[in-house]
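Secondary and tertiary structure notes
In case you want the letters, here they are:
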Amino acid sequence: PDLIMRKELTVRGIQGRYGPAIPEAIELLASRRYPLERLGTHVFPLNRTDDALRTMGREIGGDAIHVTVVP
């Protein structure tokens, strides 16, 4: 989020899916061509939700991309 703001990038999303693209997307994920697991940079237990939010907000920690809070 900080990089998007600093570089004044535009992020666009869509609602809905193009049916034939689903098998292609699954194939791409299964190929492991892209290291998508690296996007999940931090995992916190529920009792550390505050730390998770502060990490995502870059108040603490390093370069968070995706923060997960697990019960």
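As shown above, the structure is provided for reference.
The structure displayed is predicted, hence computed values, not measured ones. (Residues numbered from 1 in each chain as written. Predicted model: local features only at pLDDT ≥ 70, side-chain atom pairs only at ≥ 80, totals over all residues. Heavy atoms only, no water.)

1. What about the pairing of strand E1 (residues 40-45)?
How we decide: Two strands are counted as paired when DSSP detects at least two bridges linking them. Labels follow the DSSP assignment, with helices taken as runs of H or I lasting at least four residues and strands as runs of E lasting at least two, numbered in each case from the N terminus. Crossovers are described as right-handed under a simple rule: with the strands pointing away from the observer, the path leading from the first strand over the helix to the second runs clockwise.
In this sheet, strand E2 (residues 66-70) lies alongside E1 in parallel orientation, the contact comprising 5 bridges. Bridge assignment links His42 to a residue of E2, and that residue is Val67. Following the chain from E1 across helix H3 (residues 49-56) to the adjacent parallel E2, one finds a crossover that is right-handed.

2. A word on the side chain of Thr55
Here is the rule we go by: Burial here depends on accessible area, computed with a 1.4 Å probe over protein chains only, as a share of the maximum for the residue type. Under 20% is buried, over 50% is exposed, and the range in between is partly exposed. Contact criterion: two residues are considered in contact whenever any of their non-hydrogen atoms come within 4.5 Å of each other.
Here Thr55 lies in helix H3. Take Thr55: its relative accessible area is 3%, and that puts it in the buried class. Once residues within four sequence positions are removed from consideration, Thr55 is found in contact with His42, Phe44, Ile60, Ala64 and Val67.

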